[in-house]
Amino acid sequence: MPELPEVETVRAGLEKHVVGKKIIGVKQLHPRALRSDSLNKLTVFKNAKIKAVKRRGKFMWLEFDRPEVLVAHLGMSGQFKIQKAGSDNEAHLRAKFELSNGKEMRFVDQRTFGWLCVDQLEEGVPSVVSHIATDLFDPTFDKKSIVKKINLKRGQIKKVILDQEVVSGIGNIYADEALWYARIHPESIASDLSSTQILNLLTAAQKVMTRALAAGGTSFDELYINVNGESGYFERSLAVYGREGEPCRRQRTCGGEIIRIAFTNRSSRLCPACQTR
DNA sequence: CATGGTTCCTGCAGGC
DNA sequence: TGCCTGCAGGAACCAT
């Protein structure tokens, strides 16, 4: 499930393999691979030279020697792979871009929550990304003002940090991890927390995602892989996600056991002993 | 405007 | 063995 560290791993992999290359052929293999509000078909990138691969939160985009940009979101199962041109198609191959160096950049997506989109930049950011907040890896991320913003929200803290318009890049896994590190119950109301608690939470999210990035990301169910098809190794370091029924890693001080509770049609994992409301 | 609920999709695990 | 149900999830979209 790609969140900020996983998307950044993919972005960096693409940057290494495709910047400076020219797209010599484009093929879309699934109608929904392209967002319905795309400004054009993917073939607009034929003969375009790739200049940069950028990212905000979980959204990334390719810039070219022309005004159009290619925006991509991995959803929950999207993958970019670099393959030798003409290799067999993957089971869920959605689009492929043949490059000038004999390779292909491929977008593969089993569950079709991911998408591609032809867009244009508005003040350096694609218009479909303009409503997305800065992420915790962004040098312009303003922690103090985001803490204030979060502190005004009346919703549950987990819902707030998953809101990509408040702070971007955090998904279900790292939300649970950060809340555990900060010892905050996911159902706590954001405005009931102190600014110190919220600051600690953002710092925890930053730290856990930085460590995850260093490990190449989290590959919980093999749906996330980097551009070379390799898994990340952060899964073994998770404190709560996927650990329900197991002892809290702070057991020496709390003695708790990780539980799973319902959260807006899905789940939260937490230690009920050290994450109190 | 803020907030909360629903929906899209596929594959897999578990129960019977 | 095979059918059914539930679960996994990001974010657009709709309802209140």
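Every value quoted in this text rests on a predicted model; they were computed, and no experiment measured them. (Residues numbered from 1 in each chain as written. Chains lettered and ligands numbered in written order. Predicted model: local features only at pLDDT ≥ 70, side-chain atom pairs only at ≥ 80, totals over all residues. Heavy atoms only, no water.)

*Asks:* Kindly report on the protein's contact with DNA strand B, identifying the contributing residues and their values.
*Replies:* Around DNA strand B, the neighbouring residues are Arg-32, His-92, Gln-110, Arg-111, Thr-112, Phe-113, Lys-153, Arg-154 and Gly-155. Within the side chain of Arg-111, one N or O atom sits 3.4 Å away from a base oxygen of DNA strand B. The residue inventory of the surface near DNA strand B, partitioned by class, reads one nonpolar, four polar and four charged. (Near = heavy atom within 4 Å. Polar contact = N/O pair within 3.5 Å; in protein donor to acceptor, adjacent residues only side chain to side chain. Nonpolar A, V, L, I, M, F, W, Y, C, P; charged D, E, K, R; others polar.)

*Asks:* Residue-level account of helix H1 (residues 4-18), with values.
*Replies:* Between the first and last C-alpha of H1 there are 20 Å, a value that for 15 residues agrees with the 21 Å anticipated at 1.5 Å per step. Among all positions in H1, only Leu-4, Pro-5, Glu-6, Val-7, Glu-8, Thr-9, Val-10, Arg-11, Gly-13, Leu-14, His-17 and Val-18 are buried. Where H1 terminates, the next one or two residues include Gly-20, which has phi positive at roughly 95°. (Helix = DSSP H or I, 4+ residues; strand = E, 2+ residues; numbered from the N terminus. Expected span 1.5 Å × (residues − 1). Buried < 20%, exposed > 50% of the residue type's maximum accessible area, 1.4 Å probe, protein only.)

*Asks:* Got a sec to walk through the domain arrangement of chain A? Specific residues and values, please.
*Replies:* Here the domain parsing of chain A yields domain 1 (4-129) and domain 2 (143-270). Each of domain 1 and domain 2 was reduced to a C-alpha centroid, and the two centroids are 28 Å apart. (Domains from an automatic or database assignment.)

*Asks:* Can you tell me about the side chain of His-73, naming the residues and giving the values?
*Replies:* Position of His-73 relative to the elements: it lies in strand E4 (residues 68-73). Within the structure, the side chain of His-73 is placed 2.9 Å from the backbone nitrogen of Gly-75, a separation counted as a polar contact. Every residue in contact with His-73, bar those within four places of it in the chain, is listed here: Lys-58, Phe-59, Phe-107, Gly-114 and Trp-115. (Contact = heavy atoms within 4.5 Å.)

*Asks:* Please set out the protein's contact with DNA strand C residue by residue, giving values where relevant.
*Replies:* The environment of DNA strand C is formed by 17 residues, the closest being His-73, Met-76, Phe-113, Tyr-241 and Arg-260. When the atoms of DNA strand C within 4 Å of the protein are sorted by group, sugar and phosphate make up 54%. Within the contact set of DNA strand C, a phosphate oxygen lies 2.4 Å away from a side-chain nitrogen or oxygen of Arg-260. In terms of residue count, the dominant contributor to the surface near DNA strand C is strand E11 (residues 266-270) (three residues). Here the residues of the surface near DNA strand C sort into five nonpolar, seven polar and five charged.

*Asks:* Mind laying out the pattern of salt bridges, listing which residues take part and the relevant values?
*Replies:* Scanning the entire structure with this criterion turns up 14 salt bridges. A salt bridge links Arg-66 to Asp-65, with the shortest nitrogen-to-oxygen separation between them at 3.9 Å. In this structure, the salt-bridge partner of Arg-243 is Glu-246, at a minimum N-O distance of 3.4 Å. Given a relative accessible area of 8%, Arg-243 falls into the buried group. Taking relative accessible area as the criterion, Glu-246 reaches 35% and is therefore assigned partly exposed. (Salt bridge = Lys/Arg side-chain N within 4 Å of Asp/Glu carboxyl O.)

*Asks:* Describe the packing of helix H2 (residues 143-151) against helix H5 (residues 195-214), with residues and values.
*Replies:* Two packed helices can be described by the angle between their axes and the distance between those axes. It is the contact of H2 with H5, at a shortest axis distance of 9 Å, that shows an interaxial angle of 120°. Taken as axis vectors, H2 and H5 run oblique relative to one another. H5 is crossed by H2, and the crossing has right-handed handedness. Contacts from Lys-143, Ile-146, Val-147, Ile-150 and Asn-151 of H2 reach H5 at Ser-195, Ile-198, Leu-199, Leu-202, Thr-203 and Gln-206. For the contact of H2 with H5, the residue count by class is six nonpolar, four polar and one charged. (Axes fitted to C-alpha atoms, helices over the stretch in contact; angles between N-to-C directions. Parallel < 35°, antiparallel > 145°, perpendicular 65-115°, else oblique. Left-handed = near helix turned anticlockwise from the far one by under 90°.)

*Asks:* Go over the environment of Leu-4 with me, naming the residues and quoting the values.
*Replies:* Position of Leu-4 relative to the elements: it lies in helix H1. For Leu-4 and Gly-114, which are 110 residues apart along the polypeptide, the C-alpha to C-alpha distance reads 15 Å. Not counting residues within four places of it along the chain, the set of residues in contact with Leu-4 comprises Arg-55, Gly-57, Lys-58, Asp-135, Leu-136, Phe-137, Ser-168, Gly-169 and Met-209.

*Asks:* Describe the pairing of strand E10 (residues 259-263), with residues and values.
*Replies:* With five bridges connecting them, E10 and E11 associate as antiparallel partners. The residue bridging Arg-260 from the neighbouring strand is Arg-269, located in E11. From the end of E10 to the start of E11, which pair antiparallel, there are two residues, and Thr-264 there has a positive phi angle of about 35°. (Pairing = 2+ DSSP bridges.)

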